[in-house]
Amino acid sequence: MCTLIVRTGRRLSLMGVRDELADRPWEGPGEHWPDYPGVIGGRDLKAGGTWLAVNPADRRAAALLNGRGRAADERTKVSRGDLALRAAYTGELPAEAGLRDYDPFHLVLADLARVRLLSWDGERAAVSELPQGTSMVVNTGLDPGSERVVAYLPRFRDSERWGELIKAEPSTDPGALIVRHELPDGRIFASLSVMEVEIAREGVTYDFTDLTADRDG
């Protein structure tokens, strides 16, 4: 996933936009993982994990974004896709000592009490809490200078209907929220789906939008 928007308050809102190679197989949200009963998320069929996991019973969600930094050793590398699952299920962030075999990432763990961000650059981990209000996390983390953040954070702050903001046509613009790029080898890298989650004391709801449903490849 390449963009996560979070709004704190009596109702905690999260919206995750997943950007990925269009030919990488996946399926929509469900309880796909017997080892994490009750956890819901879309499943990456290549590595088996997820980019946004929701634990309705515990009023908790976790989201994973690729990061920047030193890649893990190819001989020992493991998929990052289990990180959001474990965080949503246990309510805990992974310890730094266990991160050496993961490529860089940003992991957000959110509940009604707080929203934590774990960033791993391949060499060191940093944990912080997201501020109150509306925030955007991108591949460079909580980065106010990101063109996407500059373009869209004010819109998400001012809007009560986030779904309207994902209706833009896909673009190659660095500040675009919904993207589509043709790579030199002919493959397509694009925004494939959006998942919006609302967590309140009364319960958890989520809405999933498949952005590939009416587009080619």
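Look up: the structure comes first, before these words.
This write-up is about the structure you can find in this document.

Each value, and the rule that gives it
- Residues numbered from 1 in each chain as written.
- Predicted model: local features only at pLDDT ≥ 70, side-chain atom pairs only at ≥ 80, totals over all residues.
- Heavy atoms only, no water.
- Helix = DSSP H or I, 4+ residues; strand = E, 2+ residues; numbered from the N terminus.
- Rg over C-alpha atoms; globule rule 2.2 N^0.38 Å.
- Buried < 20%, exposed > 50% of the residue type's maximum accessible area, 1.4 Å probe, protein only.
- Areas by Shrake-Rupley, 256 points an atom, 1.4 Å probe, with all protein chains shown as cover.
- Lys, Arg positive; Asp, Glu negative; His and termini not counted.
- Charge placed at Lys NZ, Arg CZ, Asp CG, Glu CD.
- Polar contact = N/O pair within 3.5 Å; in protein donor to acceptor, adjacent residues only side chain to side chain.
- Contact = heavy atoms within 4.5 Å.
- Arc of directions from axis to C-beta.
- Phe/Tyr/Trp six-rings, centres within 6.5 Å; stacked < 30°, edge-to-face > 60°.
- Lys NZ or Arg CZ within 6 Å of the ring centre and 35° of its normal.
- Pairing = 2+ DSSP bridges.
- Axes fitted to C-alpha atoms, helices over the stretch in contact; angles between N-to-C directions.

## Focus: the overall build of the chain
(1) Moving on: Scanning the chain for helices and strands turns up two helices and 13 strands.
(2) Moving on: Relative to its length of 217 residues, the chain is compact, with a C-alpha radius of gyration of 16 Å against a globular reference of 17 Å.
(3) Moving on: Here the C-alpha coordinates of the chain stretch approximately 45 × 40 × 35 Å along the principal axes.
(4) Moving on: A total of 217 residues make up the chain; the buried ones form 48% of that total.
(5) Moving on: Carbon and sulfur atoms provide 46% of the accessible area of the chain, an area that totals close to 10,700 Å².
(6) Moving on: Separation of charge centres in the chain, based on 28 positive and 35 negative side chains, amounts to 3 Å.

## What about unusual backbone geometry?
(1) Moving on: With a phi close to 55°, Arg59 is a non-glycine residue in the positive phi region.
(2) Moving on: With respect to the helices and strands, the residue Arg59 is situated in the loop between β5 (52-55) and β6 (60-66).

## Observations concerning the side chain of His106
(1) Moving on: Note that His106 resides in strand β7 (residues 105-111).
(2) Moving on: Residue His106 is classed as buried on the basis of its relative accessible area of 8%.

## Quick notes on the environment of Asp82
(1) Moving on: Relative to the helices and strands, Asp82 resides in helix α1 (residues 82-90).
(2) Moving on: With a relative accessible area of 24%, Asp82 lands in the partly exposed category.
(3) Moving on: C-alpha of Asp82 to C-alpha of Glu27: the two residues are 55 residues apart in sequence and 16 Å apart in space.
(4) Moving on: Side-chain polar atoms of Asp82 contact the side chain of Tyr102, separated by 3.3 Å.

## Description of the environment of Gly163
(1) Moving on: Locating Gly163 in the fold gives a position in the loop between α2 (147-158) and β11 (180-182).
(2) Moving on: Sequence separation of Gly163 and Ala213 is 50 residues, and the distance between their C-alpha atoms is 16 Å.
(3) Moving on: Here Gly163 is in contact with Met15 and Glu196, once residues within four sequence places are set aside.

## A few points about α2
(1) Moving on: Those residues of α2 lying buried are Arg148, Val149, Tyr152, Leu153 and Phe156. Along α2, the residues classed as buried sweep out an arc of 120° about the axis, all on the same side. In α2, the exposed residues that point more than 90 degrees away from the buried face are Glu147, Val150 and Asp158.
(2) Moving on: Its buried side turned inward, α2 meets β1 (3-7), β2 (12-21) and β10 (134-138).

## Considering the packing of aromatic side chains
(1) Moving on: Within this structure, the stated rule accounts for six aromatic pairs.
(2) Moving on: Summarising the aromatic geometry, the rings of Tyr102 and Phe105 are spaced 6.2 Å apart at their centres and angled 80° between planes, so their arrangement reads as edge-to-face.
(3) Moving on: Taken together, the aromatic side chains of Trp26, Trp51 and Phe208 make up a single cluster linked through ring pairs.
(4) Moving on: Stacked on the ring of Trp51, the Lys or Arg Arg18 has its end atom at 3.9 Å from the ring centre.
(5) Moving on: Stacked on the ring of Tyr152, the Lys or Arg Arg155 has its end atom at 4.2 Å from the ring centre.

## A short note on the sheet that holds β7
Note on sheets: strands pair through backbone hydrogen bonds, and any given pair is parallel or antiparallel.
(1) Moving on: Across the sheet, seven strands lie side by side as β3-β4-β5-β6-β7-β8-β9; this open sheet has antiparallel pairing. With partners counted over all chains shown, the strands left at the sheet margins are β3 (26-30) and β9 (125-129), one partner each. Mean inter-strand twist for the sheet, computed between neighbouring axes without regard to direction, equals 15°.
(2) Moving on: Pairing between β6 and β7: seven bridges, direction antiparallel. Within β7, the position partnered with Leu65 by the bridge is His106.
(3) Moving on: Sitting on the sheet, α1 touches β5, β6 and β7, and the angle it makes with β6 is about 160°.

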